[in-house]
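As a plain string of letters, each chain reads:
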Amino acid sequence: MTENTALQLEIADLMVQALNLDVAANEIEPDAPLYGDGLGLDSIDILEIALVISKRYGLQLKSDNENNHQIFSSLRSLTDYVAANKTK
């Protein structure tokens, strides 16, 4: 298991716990959209995830970041962003 794969599973688990999702962390497809047809999250869910991720990994996810759509497009893209920017 690579570091990013482990981190991906850890982030998926944080999402499941924070949002009480009815899916196991290892069942979240890395490239499936987090919004809409994929995981079915809405903007409030994304805000909750951003808060949990920020606290856990010591990085800032700001609501006015022009890259948010890309960052939160999938579990893989969120993991890549966290891996590149985490301080904890």
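Residues numbered from 1 in each chain as written. Predicted model: local features only at pLDDT ≥ 70, side-chain atom pairs only at ≥ 80, totals over all residues. Heavy atoms only, no water.

1. A look at helix α2 (residues 43-57)
And step 1. Taking 1.5 Å per residue, 15 residues should reach 21 Å; α2 reaches 21 Å between its end C-alpha atoms and fits that length.
And step 2. For α2, the full list of buried residues reads I46, I49, A50, I53, S54 and Y57. Taken around the axis of α2, the buried residues stretch over an arc of 135 degrees, which confines them to a single face. Opposite the buried face of α2, by more than 90 degrees, sit the exposed residues I44, L47 and K55.
And step 3. In this structure D42 caps α2, since a side-chain oxygen of it lies 3.1 Å from the backbone nitrogen of I44.
And step 4. One or two steps after α2, the chain reaches G58, where phi turns positive at roughly 65 degrees. (Helix = DSSP H or I, 4+ residues; strand = E, 2+ residues; numbered from the N terminus. Expected span 1.5 Å × (residues − 1). Buried < 20%, exposed > 50% of the residue type's maximum accessible area, 1.4 Å probe, protein only. Arc of directions from axis to C-beta. Polar contact = N/O pair within 3.5 Å; in protein donor to acceptor, adjacent residues only side chain to side chain.)

2. Some words on the nonpolar core
And step 1. Ranked by internal contacts, the top residues of the largest apolar core, which has 25 residues, are I11, I49, I53, F72 and L78.
And step 2. Only α1 (3-19), α2 and α4 (75-85) provide two or more residues apiece to this core.
And step 3. Examining the composition of this core, we find that 7 residues originate from one element, α1, more than from any other.
And step 4. Ignoring any residue separated from it by four or fewer positions in sequence, one finds L78 in contact with I11, M15, I49, I53, I71 and F72. (Core = buried A, V, L, I, M, F, W, Y, C linked by side-chain atoms within 4.5 Å. Contact = heavy atoms within 4.5 Å.)

3. Considering the side chain of Q8
And step 1. Here Q8 shows up in helix α1.
And step 2. Sequence-distant contacts of Q8, that is, excluding residues within four places in its chain, are made with P30, L75, R76 and T79.

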